[in-house]
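Residue-level structural notes
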Amino acid sequence: MEGALLMIIMGVPLISSSHNMFEDYWMYQRFEETVVIQGAQFQMGSRDARLIESGEYPPRKVQMTSIEFDKYPVTNALYWHFQQMSKGKSRTTAERIGYSNVFAMTYRKNMTKFMEHAIPGEPWWIPTKEIKWNRPEGAMSSVGDRMHYPVVHISQSDAQTYCEWNGRRLPTEAEWEFAARGGLSNRPYPWGDSLEANRTNLWQGLFPYENEKLDGYESLAPVDAFPAQNKYGIYDLLGNAWEWTSTPASNIQIAPEMKERFKGEQFYILKGASFIDFREDKAHINHAARISNRFQMCERLCNPTEKTEASQS
């Protein structure tokens, strides 16, 4: 199998010392389910000529072979099991460099800022020391009671390492979009033309100050918080957290300040948008949540809105 990893940020309540994470892993094994998608030709990208700079336009026909794709993003439970089996030898990028990014709304006074690593043009991300996948908001936080949430603060190489250990790989951008479309053509959402209630976790309200939580969540949500998003039975594709692919960001416009600051770094494509993103008609505020949308990030930009899903040829 193969997958696309995700990173996300959110508030994490404390858990009691009696919490048994081992039991949680077995409880959440169902999130390893996969679906086989038969090969076919599909139309990738968008017919909207305004999206030419992002690489979404023009649309193009792509012939796909059959793939086996994870029905859910990689959860904290599955990543915890991976860490246990590797006996702590697989340190994430955030652990090695000593920081990751926290969404401004969830930043707390006892955290240590690392502003020399701020992301150009995105002040709502605060580089913060000692943030990692199992301590997503610092030493006083835990994922213990959110084992069914997507694992976050994971870089592209972290995602690759997890997939290789599990006998999988990250999907290409084309494979991700092929799976997400669920057999539909030229639709912005996995389920069709219009944004529907109880379908996905996106931002509603004055960004980045207030989320009205009309979908029930202020930040990250469980991977099965909403029904499957397409007819293939795949969950959590759009919204909640961006998902890594194995496709280098070679034909996408990367902001000049990003290129200069991270010169020599390889950027990769992410898909799916996150809980801080918006429906199409609000896209001027932040990223638009649509199947064809593309985001790019490099190894050192370890953010809390990216996740992992798997596929297998």
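Scope of this entry: the structure provided in the associated data block. Keep in mind that this is a model prediction, so the values were computed, not measured. (Residues numbered from 1 in each chain as written. Predicted model: local features only at pLDDT ≥ 70, side-chain atom pairs only at ≥ 80, totals over all residues. Heavy atoms only, no water.)

1. Let's talk about the overall build of the protein
Under the convention used in this document: Secondary structure follows DSSP: runs of H or I at least 4 residues long count as helices, runs of E at least 2 residues long count as strands, and numbering of each begins at the N terminus. The buried label applies to any residue whose accessible area, calculated with a 1.4 Å probe on protein chains only, is under 20% of its type's maximum; exposed applies above 50%, and partly exposed to all values in between. Contacts are assigned to residue pairs that have any heavy atoms within 4.5 Å of one another. Per-residue accessibility takes into account occlusion by the displayed protein chains alone, with areas from the Shrake-Rupley method and a 1.4 Å probe.
Tallying secondary structure elements over the protein gives six helices and 11 strands in all. Looking at the 313 residues of the protein, the share that counts as buried comes to 56%. Considering only intrachain contacts with a sequence separation of at least 6, the fraction spanning at least 24 residues in the protein is 77%. As displayed, the protein offers around 13,200 Å² of accessible surface, 49% of which is attributable to carbon and sulfur atoms.

2. Structural notes on the pattern of salt bridges
Heads up, the rule is: Should a side-chain nitrogen of Lys or Arg be within 4 Å of a carboxyl oxygen of Asp or Glu, the pair is scored as a salt bridge.
All chains considered together, the criterion is met by 13 salt bridges. Note that D224 is salt-bridged to R30, the shortest N-O span being 3.0 Å. Here the residue D224 occupies a position in the loop between α5 (173-181) and β8 (242-248), and R30 occupies one in the loop between α1 (21-27) and β2 (34-37), the gap between them amounting to 194 residues. Residue class for D224 comes out partly exposed when judged on its relative accessible area of 26%. Its salt-bridge partner being K271, residue E177 comes within 3.1 Å of it at the nearest N-O pair. Placement of E177 in helix α5 and of K271 in strand β9 (residues 267-271) is noted, with a sequence separation of 94 residues between them. What you see here is one network of salt bridges that share partners, running through E173, E177, R181, K271 and R294.

3. Brief notes about the packing of helix α2 (residues 76-85) against helix α4 (residues 156-165)
Counted only if it meets this: Only C-alpha atoms enter the line fits that serve as axes; for helices the fit covers just the stretch in contact. Angles between N-to-C directions range over 0 to 180 degrees. When an angle is under 35 degrees it counts as roughly parallel; over 145 it counts as roughly antiparallel; between 65 and 115 it counts as roughly perpendicular; any other value is oblique. The residue classification treats Ala, Val, Leu, Ile, Met, Phe, Trp, Tyr, Cys and Pro as nonpolar and Asp, Glu, Lys and Arg as charged. All others, Gly included, are polar.
It is at 11 Å that the axes of α2 and α4 come closest, and there the two elements cross at 75°. Between α2 and α4, the angle falls in the class roughly perpendicular. Taken together, the residues of α4 that come into contact with α2 (itself represented by L78, Y79, H81, F82 and M85) are D158, T161, Y162 and W165. Here the contact of α2 with α4 is built from residues that sort into six nonpolar, two polar and one charged.

4. Section: the side chain of H153
Under the convention used in this document: Distance and chemistry together define a polar contact, namely a pair of N or O atoms within 3.5 Å, with one atom able to donate a hydrogen and the other to accept it when in protein, and with adjacent residues in sequence counting only for side-chain atoms on both sides.
Looking at the secondary structure, you find H153 in the loop between β7 (125-129) and α4. For H153, a relative accessible area of 0% translates into the label buried. A distance of 2.7 Å separates a polar atom in the side chain of H153 from a polar atom in the side chain of S100. At a separation of 3.2 Å, a polar atom in the side chain of H153 contacts the main-chain carbonyl oxygen of P136.

5. What about α5?
In terms of residue burial, α5 counts as a mostly covered element, since nine of its nine residues are buried. Looking one or two residues past α5, G182 carries a phi angle of roughly 60°, positive in sign.

6. Quick notes on the packing of aromatic side chains
Each aromatic ring pair is specified by the distance between its two centres and by the angle formed by the two planes. Under the convention used in this document: The pairing test for Phe, Tyr and Trp rings, Trp by its six-membered ring, is centres within 6.5 Å, and the orientation test on the planes gives stacked under 30 degrees, edge-to-face over 60, and tilted for anything in between. Think of it as a cone above the ring: NZ of Lys or CZ of Arg counts as a charge over the ring if it is within 6 Å of the ring centre and within 35 degrees of the ring normal.
In total, this model carries 19 aromatic pairs according to the counting rule given. Linked through ring pairs, F103, W124, W125, W203, F207, F275 and F278 together constitute an aromatic cluster. Of note, R146 hangs over the ring of Y149, and the distance from its end group to the ring centre comes to 5.4 Å.

7. Some details on unusual backbone geometry
Cis geometry is adopted by the peptide bond preceding P58, which originates at Y57 and carries an omega value of 0°. With respect to the helices and strands, P58 occurs in the loop between β3 (41-44) and β4 (60-63). Along the chain, F207 connects to P208 via a cis peptide bond; the corresponding omega equals 0°. Note on placement: P208 falls in the loop between α5 and β8. A positive phi angle, near 65°, is found at A273, a position not held by glycine. With respect to the secondary-structure elements, A273 resides in the loop between β9 and β10 (295-298). Taking relative accessible area as the criterion, A273 reaches 2% and is therefore assigned buried.

8. Some thoughts on α4
How we decide: What the arc measures is the spread of directions leading from the helix axis to the C-beta atoms.
Where α4 is concerned, the buried positions are Q156, D158, A159, Y162 and C163. The arc that holds every buried residue of α4, seen down its axis, measures 160°, which confines them to one face. Within two residues after α4, G167 carries a phi angle of roughly 70°, on the positive side.

9. Concerning the environment of R290
Position of R290 relative to the elements: it lies in the loop between β9 and β10. Once the C-alpha coordinates of R290 and R279 are considered, the two residues, 11 residues apart in sequence, prove to be 7.6 Å apart.

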